[in-house]
Amino acid sequence: MKQLRGWLKAAGTFLLTFLIVFPLGFTLFFPKDTLRSWIGSLRVPGEIIVSRVAVDPMMRVKLEGVTWRLEKNPLVAAAVLPRVVVRPDWSHVLFGHRAFRAETALKGAGIAGPIEVKRGHLLVSLATTGPVSLPSPFMPRPGVTLGGAWEMESDIDVNMKGGARGLSGGMLFKGKHLRLKWAASPVGPLDVTFLSGLVKGNISSSVLNMGTIRFRGAMLDVEGNAVIWPDPVSGALHLKGTLYLRPKVGLAASNASLDSVIRMLPKSAQGYKFAF
């Protein structure tokens with residue numbers, strides 16, 4: 001019995017030391033600058049900037065002021081996440097898994113989900129926790145107004161092994177009461193609303209195939225598909241697809257220039273065809 005008490009005392013001392021020293025060491029020696037540099041070096045269109053990386057004794061990594069600048073986007077100047085928190089998922093970590101949970105707050109809701117590193121793959125499953133009010137998280141350019149609410153789901157597999165790098169998975173975007181107001185668009189002033197919107201697609205070898213694009217509005221319906229893929233050298237995105245536009249009676253009165261441009265397109269049974 002005396003020997004057992006000695007073992008329990010030693011185990012308790014070790015556990016207490018571990019619980020104090022390990023989180024403190026993790027907080028003090030976490031490579032914050034390295035993480036910021038790595039995020040900034042990601043090959044994506046535009047530029048990603050993280051204002052600050054912080055770590056607390058609970059082993060939560062906090063990314064402050066995550067900004068994705070989109071220089072070539074005519075509608076949005078940047079996407080901004082005020083804070084992203086990544087923490088260990090202890091229910092899985094205790095069983096030997098490299099599992100985490102990421103979350104960020106947005107206007108009206110947020111985005112959250114599990115992240116796991118498994119056999120050379122980074123598995124990311126993120127979804128909104130409710131409808132997010134636009135324009136959050138976007139910063140529209142001057143003269144552009146975005147309204148409505150949106151939700152999303154995504155399951156992404158990032159292959160980090162050797163020459164087989166790439167993205168795969170699926171994604172779903174849903175919107176309600178969407179509004180785009182653009183004072184100086186290429187086809188003149190726009191003020192278009194959609195009661196609902198749906199974009200559904202999958203990613204294979206870093207190619208995003210949006211097989212379903214569908215927006216329904218009182219003045220205009222839009223259906224079609226598109227493919228987006230990155231240039232293997234520069235990382236710049238390429239876009240190709242087809243949209244079928246079906247203007248309704250009210251469009252000519254509210255958006256005369258858009259209505260006239262649409263009716264100049266080739267017409268088919270599905271609507272006016274816009275190929276790009």
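Along every chain, residues carry numbers that run from 1 in the direction the sequence is written. The predicted origin of the model limits local features to residues at a pLDDT of at least 70 and limits the giving and counting of side-chain atom pairs to 80 or more, whereas totals for whole chains, interfaces and linings rest on all residues. Side-chain measures here rest on the full set of heavy atoms in the structure, leaving out hydrogens and waters.

Q: I would appreciate a short explanation of the overall build of the protein chain in the present structure.
A: Looking only at helices and strands, the protein chain features five helices and 16 strands. The proportion of buried residues among the 276 residues of the protein chain is 33%. In what follows, residue pairs with any heavy atoms lying within 4.5 Å of each other are defined as contacts. Within the protein chain, contacts between residues separated by at least 24 positions form 41% of all contacts whose residues are at least 6 apart in sequence. Accessible areas in this description were obtained via Shrake-Rupley with a 1.4 Å probe; residue shielding takes into account the shown protein chains only. Surface summary for the protein chain: the accessible area is close to 16900 Å², and the carbon and sulfur share equals 65%. Numbering of helices and strands runs from the N terminus, with a helix taken as a DSSP run of H or I at least four residues long and a strand as a DSSP run of E at least two residues long. The buried label goes to any residue with under 20% of its type's maximum accessible area, the exposed label to any with over 50%, and the partly exposed label to all in between, with areas taken from a 1.4 Å probe on protein chains only.

Q: When you look at the packing of aromatic side chains in this model, what are you seeing that I'm missing?
A: By convention, a stacked pair of Phe, Tyr or Trp rings (six-membered ring in the case of Trp) has centres within 6.5 Å and planes under 30 degrees apart, an edge-to-face pair has planes over 60 apart, and any other such pair is tilted. Across all of its chains, the model carries three aromatic pairs by this definition. On the numbers, 6.4 Å between centres and 20 degrees between planes, the contact of Trp150 with Phe173 is stacked. Of this pair, Trp150 sits in strand E9 (residues 144-159) while Phe173 sits in strand E10 (residues 166-185), and the two are 23 residues apart along the sequence. Look at Phe274 and Phe276: their rings are 5.5 Å apart centre to centre, the planes differ by 35 degrees, and that puts the pair in the tilted class. The partly exposed category is assigned to Phe274, whose relative accessible area is 37%.

Q: Sorry, what's going on with the pattern of salt bridges here?
A: Oppositely charged side chains can form a pair if their charged atoms are brought close together. Any Lys or Arg side-chain nitrogen found within 4 Å of a carboxyl oxygen on Asp or Glu counts as a salt bridge. Under the criterion given, the structure shown has nine salt bridges. Where Arg83 meets Glu64, a salt bridge forms, and the shortest distance between an N and an O atom there is 3.0 Å. In this pair, Arg83 sits in strand E3 (residues 76-88) while Glu64 sits in strand E2 (residues 61-69), placing the two residues 19 residues apart along the sequence. Assessed through its relative accessible area of 16%, Glu64 is described here as buried. Of the charged contacts, one joins Asp191 and Arg179 as a salt bridge, the two residues approaching to 2.8 Å between their closest N and O atoms. Residue Asp191 is found in strand E11 (residues 188-204), and its partner Arg179 is found in strand E10; the two are separated by 12 residues along the sequence. The exposure class of Asp191 is partly exposed, given its relative accessible area of 26%.

Q: I keep staring at the confidence of the model for the protein chain and nothing clicks. Help me out?
A: The predicted coordinates of low-pLDDT regions are not to be read in fine detail. pLDDT runs from 0 to 100 and stands for how confident the predictor is about each residue. Averaged over every residue, the pLDDT of the protein chain is 85; residues scoring 70 or more account for 85%. Considering each helix and strand of the protein chain separately, the mean pLDDT is smallest for helix H1 (residues 2-29), with a value of 47, and largest for strand E16 (residues 271-275), with 97. Contacts for the low-pLDDT stretch residues 10-29, under 50 throughout, to residues beyond four places or in other chains number 11 contacts.

Q: What should I look at first to understand the nonpolar core in this one?
A: One broad trend across soluble globular proteins is that nonpolar side chains are buried collectively. In this text, buried Ala, Val, Leu, Ile, Met, Phe, Trp, Tyr and Cys residues form a nonpolar core when linked through side-chain atoms within 4.5 Å. Core analysis: the largest hydrophobic core is formed by 32 residues, its most contacted members being Phe194, Ile213, Phe215, Leu220, Val222 and Ile262. Listing elements by their share of this core, those giving two or more residues are strand E5 (109-118), E9, E10, E11, strand E12 (207-216), strand E13 (220-230), strand E14 (237-247) and helix H5 (256-262). The greatest single-element share of this core, amounting to five residues, is contributed by E11. Among all residues touching Val222, those that are not within four sequence positions of it are Phe194, Ile213, Arg214, Phe215, Arg216, Leu243, Tyr244 and Leu245.

Q: Explain the environment of Phe276 here, please?
A: Tracing the sequence through the fold places Phe276 in the segment after E16. Judged by its relative accessible area of 30%, Phe276 falls in the partly exposed class. Among all residues touching Phe276, those that are not within four sequence positions of it are Asn225, Ala226, Leu239, Lys240, Gly241, Thr242 and Leu243.

Q: Which parts of the structure should I look at to understand a nonpolar patch on the surface?
A: Judged by side-chain polarity, Trp90, Leu94 and Phe95 come together as a nonpolar surface patch covering roughly 420 Å² of accessible area. Position of Leu94 relative to the elements: it lies in the loop between helix H3 (90-93) and strand E4 (98-106). Patches were defined on residues exceeding 30% relative accessible area and lacking a salt bridge, with like-charge contacts within 9 Å and nonpolar side-chain contacts (Val, Leu, Ile, Met, Phe, Trp, Tyr) within 5 Å.

Q: In this structure, what is going on with the pairing of E12? I would like to understand it.
A: When a strand is regular, its side chains alternate between the sheet's two faces. Alignment of E11 against E12, held across eight bridges, turns out to be antiparallel. Along E12, the bridge assignment pairs Gly197 with Phe215. Hairpin connection between E11 and E12: a loop of two residues separates the two successive antiparallel strands, and Ser205 in this loop has a positive phi of roughly 50 degrees. Here a strand pair is declared whenever DSSP counts at least two bridges between the two strands. Of the strand pairs in this sheet, E12 and E13 are connected by seven bridges, and their pairing is antiparallel. Directly across from Met210, in E13, lies its bridge partner Ala226.

Q: How should the side chain of Asp56 be read in this particular structure?
A: Mapped onto the elements, Asp56 comes out in the loop between strand E1 (47-55) and E2. Given a relative accessible area of 11%, Asp56 falls into the buried group. Here a polar contact is taken to be a pair of N or O atoms separated by no more than 3.5 Å, where protein atoms must pair a possible hydrogen donor with a possible acceptor and residues adjacent in sequence count only if both atoms sit in side chains. Reaching out from Asp56, the side chain makes a polar contact with the side chain of Arg60 at a distance of 2.7 Å.

Q: Can you help me understand the environment of Thr242 in this one?
A: With respect to the helices, strands and loops of the structure, Thr242 is situated in strand E14. Through-space distance from the C-alpha of Thr242 to that of Ala275 is 4.4 Å; in sequence the pair is 33 residues apart. When residues no more than four places from it in sequence are discounted, the contact partners of Thr242 are Glu223, Gly224, Asn225, Lys273, Phe274, Ala275 and Phe276.

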